[in-house]
Amino acid sequence: MPTIIALDVSLSMSRPIPNQPSGTGGSGGSTESENVLTYHHLAAQGINYVLDYLTKHARLEYVSLIIYSSLYEVVVDFTRDYESIRQALPKIEHYDKTCLENVLVAVNNAFKTHWGSQNYCQIIFVTDCGVGMGPTSLKNTIINIQTYKAACAAAAAAAAASSDGSKTAAALAAGNSASIPAPSENQWVGFSYPSKLSFMCLGSLSTDSAFRCGTKLYRQLLEVSGQKGQLFIPRLKIKHEESAGDETSPSTAGDDSEDGMRQLTRSSALECFATMCDVNYRQFEATLRCGGYFRLEEPVTVWPAPLPYTARDVLGAETTKLMSRRLEVCGFIRMSDIGSPMSVSRHLILPRSTAAGAAERENDGGKAELKNGHGHPSAEERLEADIKAFYAKSDSGGEHHQHDDHTPDGGADVNKESVCVLLHGSLKVENMAALVLVGDNWYGFIYSYADGKKKWNLMLNVLPPGSDVVPWLGDLRYLGTMEDAFQGENPSFPIKADKRSYSQTIVVWIRHASLQSDIQKVLRHAKKLPEKTQHFYKELNRIRRAALSLGFVELLEGLAHIFEREISTLPLNASPDCSMQLTHAAIELRKTNNRDLKSVIHALPTQYNQLG
């Protein structure tokens, strides 16, 4: 879950904060102007707070820093080295007016370039809610988005009204996509990937009318674009709160007026950043359970935090499901039998400390009462706790137990068993995965994953909700062990057919290698043009039909990019028909009328293949 921090460096951010004492935001300079607390100083301190929070709670986050005014600049690209961002903050300079639309387009393109359009992104804007001036102002951006949305709605309504019953569903969908206008290159109409947009608004709603107007336009931007996001505004403290707990409040400077007490302060700004971090980067803490009656369990952290899964049925009704806080290991299965099923998300499973586990048990006490229906645990749970306590006892006498009571927590954690270590070692050696119940009729797989040559992790692959989501495994509720098989049954899994059809025309892309081999086969035919023209288009149409049947439309655009790249790498002795046919195939793959399964891409007649 990468994070992009966009810092406003317009001239308005260099303003000093009203009614602030000098010496609060300086870096040791000699002049008084360097010691005045400005909006930029508060923004830098807030970004440092976010980095400190990520260092403590989410060290695996990739963070990028972008500054913007009328233009933008990527100061630090995506990195886990937060110290490089801290070192870059004091070197930032201020520029001209604010232009929000340019940086929104830049953020959209930068994230898609690095992470694609399937990953989730946190986007944090730190600004004083400047709206800009002229054609690039925020008000004009909102008007452009409203105009574009209205044009899309009108085009979709016109296409639906002009369609007749003779059109197929694929042709109607292609016509609708062709009639919807595309936004211009520098126009932002929303992010093309799952994301959350957070605006850290530095200002005072009670005393700053420009800030009050700016926050209204920023809220309107979120509503018009349909973007998931939130505005975080510093909470104004009343007079007795300021005098009691805020050492850097205006009251210390001798200003006891009501307007002075309602101004932006360093403590209120940092409190706003703390609220944002708690909302957007809250850890997902769960309990991993493994085993039968005598269960092994351990508090773990699932990173990144799983998002709610929203499923839509045939009638359009939406159902949202949340991952459970208890991950139950149901059984084990070989990695070769799992293949590459469709997954909702992937997460790392990290063990938590004993103190965190104790805090979770205290917080989950009310949940246990609701689950059991009464205030005390059931008889089976009490018996299970007694068995665990019996096996946890040492063989030595009472003096040794008294000595253990004074042992530091670190020694107790070292001697305690770890389910994560046990699972990771066994799954890695046996090349197997653990089938895990992550919710009500919702499953996933836990397996050992190598992030590098020496770094191995425990990975959770979450499947779509349901028990029959992996076709070649069948219903996951009915999977059993080899001992459950009847006498004479084939114990191998999956069950293989007695006869194999070598004339099979079905495309199977369960594994990455299958898709890669099909693409390589098309490229081999392309390099032998014009002799292999018929074979090239036969395989191309075969892959195109399979991609359209699976809804894998992105593959067509990917093939077009591959063909265009192959044109530039052709040798000098290659036939001119190679570049002509590859260009023709790339153009045909991008046409919307070729999204119909019944359409066929034909070869381009040239003097080399003599098809004309």
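Here the structure is shown first, and the text comes after it.
Below you will find a few notes about this structure. By convention here, each chain's residues receive numbers from 1 onward along its written sequence. Local features in a predicted model are, by the rule used here, given only for residues with pLDDT of at least 70; side-chain atom pairs are given and counted only at 80 or more, and totals for whole chains, interfaces and linings are based on all residues. As a rule here, side-chain values cover all heavy atoms of the structure and leave hydrogens and water aside.

As a further point, take the packing of aromatic side chains. Side-chain rings of Phe, Tyr and Trp, where Trp is taken by its six-membered ring, are said to pair if the distance between their centres is within 6.5 Å; with planes under 30 degrees apart they count as stacked, over 60 as edge-to-face, and otherwise as tilted. Taken as a whole and judged by the stated rule, the model has 11 aromatic pairs. The interplanar angle of 65° and the centroid separation of 5.2 Å between the aromatic rings of W188 and F191 together place this pair among those described as edge-to-face. Accessibility assignment for this pair places W188 and F191 in one class, buried. Seen in terms of ring centroids, Y309 and W442 are 6.2 Å apart; in terms of plane orientation they differ by 50°. Their pairing is tilted. Highlighted residues: Y309 in strand β9 (residues 309-312) and W442 in strand β14 (residues 442-450), separated in sequence by 133 residues. Of the residues examined, Y309 reaches a relative accessible area of 23% and is grouped as partly exposed. Classification of W442 as buried rests on a relative accessible area of 2%. An aromatic cluster is present here, built from Y68, F125, F199 and Y218 joined pairwise through their rings. To sort residues, take the accessible area from a 1.4 Å probe on protein chains only and compare it with the maximum for the residue type: under 20% means buried, over 50% means exposed, and anything in between is partly exposed. The helix and strand labels rest on DSSP assignments: H or I over at least four residues marks a helix, E over at least two residues marks a strand, and numbering proceeds from the N terminus.

Note on terminology: a nonpolar core comprises buried Ala, Val, Leu, Ile, Met, Phe, Trp, Tyr and Cys residues joined through side-chain atoms within 4.5 Å. With 51 residues, the main nonpolar core has L7, V126, L202 and M276 as its most contacted residues. Looking at this core, the elements with two or more residues in it are β1 (3-8), α1 (39-57), β2 (63-68), α2 (82-88), β4 (121-127), α9 (266-280), β13 (432-439) and β14. The greatest single-element share of this core, amounting to eight residues, is contributed by α1. Here, residues are in contact when the closest pair of their heavy atoms is within 4.5 Å. When neighbours within four sequence positions are excluded, M276 is seen to be in contact with V50, I124, S198, M200, F232 and Y281. Counting 31 residues, the second-largest nonpolar core is a separate cluster that includes V107, I123, L197 and L217.

In this description, strands pair whenever DSSP reports at least two bridges between them. Spatial ordering of the closed barrel is given by β7-β8-β12-β15-β14-β13-β11, a layout of seven strands whose pairing is mixed. On average, adjacent strands in this sheet sit at an angle of 40° to one another, irrespective of strand direction. Direction of pairing for strand β7 (residues 284-290) relative to strand β11 (residues 326-334): parallel, over a ladder of three bridges. Each residue of the ladder has a partner; that of L288, found in β11, is L327. The axes are straight lines fitted to the C-alpha atoms, using for helices just the contacting stretch, and the angles between their N-to-C directions are given from 0 to 180°. On top of the sheet, helix α16 (residues 419-430) reaches β7, β8 (296-303), β11, β12 (345-351), β13, β14 and β15 (456-462); it is set at about 90° to β15, its chief contact.

Among the secondary structure elements, Y193 is positioned in the loop between α5 (169-179) and β5 (195-201). A relative accessible area of 5% means that Y193 is categorised as buried. Taking C-alpha positions, Y193 is 8.0 Å from K112, a pair spaced 81 residues apart along the chain. Contact partners of Y193, with chain neighbours within four places excluded, come to V107, N108, F111, K112, S117, N119, C121 and I123.

Attention now moves to empty space enclosed by the protein. Using only the protein atoms, space was sampled on a 1 Å grid; points where a 1.4 Å probe fits but cannot get out form cavities, open sets with protein on both sides within 12 Å along at least five of seven lines form pockets, and lining residues are those with an atom within 4 Å of a point. Grid points are joined across faces, edges and corners, and a volume is the space filled by probe spheres set on the points. By the definition in use, this model includes one cavity of 30 Å³ or more. Space inside the largest cavity adds up to approximately 90 Å³. Classes in brief: Ala, Val, Leu, Ile, Met, Phe, Trp, Tyr, Cys and Pro nonpolar; Asp, Glu, Lys and Arg charged; the others, Gly included, polar. When its residues are assigned to classes, the lining of the largest cavity shows eight nonpolar, two polar and two charged.

Before going further, it helps to examine helix α6 (residues 209-225). To estimate how far a helix should extend, the number of its residues minus one is multiplied by 1.5 Å. For α6, spanning 17 residues, the distance from its first C-alpha to its last is 25 Å, which sits close to the expected 24 Å at 1.5 Å a residue. By the criterion applied in these results, polar contacts are pairs of N or O atoms within 3.5 Å in which, for protein atoms, one can donate a hydrogen and the other can accept it, and in which residues neighboring in sequence qualify only through two side-chain atoms. Two or three places before A210, at the opening of α6, D208 has a side-chain oxygen 3.2 Å from that residue's backbone nitrogen. G226 occupies a position one or two residues after α6 and carries a positive phi of about 70°.

Attention now goes to helix α17 (residues 512-526). Between the first and last C-alpha of α17 there are 22 Å, a value that for 15 residues agrees with the 21 Å anticipated at 1.5 Å per step. Taken together, the buried positions of α17 are occupied by L515, D518, I519, V522, L523, H525 and A526. Buried residues along α17 cover an arc of 165° about the axis, so they all sit on one side. Buried residues along α17 sit in contact with α18 (533-550), α19 (554-568) and α20 (576-590). Summarising the geometry, the arc corresponds to the directions from the helix axis toward the C-beta atoms.

Quick look at unusual backbone geometry now. P304 follows W303 through a cis peptide bond whose omega is -10°. Here P304 is to be found in the loop between β8 and β9. Of the consecutive residues L529 and P530, the connecting peptide bond is found in the cis state with omega at 5°. Its place among the elements puts P530 in the loop between α17 and α18. With phi around 55°, N431 is a residue other than glycine that occupies positive phi space. In this fold, N431 is placed in the loop between α16 and β13.

Here we take up the sheet that holds β4. In sheet architecture, strand pairing relies on hydrogen bonds along the backbone and comes in two forms, parallel and antiparallel. Read across the open sheet, the six strands follow the order β3-β2-β1-β4-β5-β6; overall the sheet is mixed. Each end of this open sheet is capped by a strand with a single partner; those strands are β3 (72-79) and β6 (229-232). Sheet twist, expressed as the average angle between the axes of neighbouring strands with direction ignored, equals 15°. The sheet contact formed by β5 and β6 spans four bridges and is parallel. The residue of β6 that forms the bridge with M200 is F232. Taken strand by strand, α1 contacts β1, β2 and β4, and its axis lies near 170° from that of β1.

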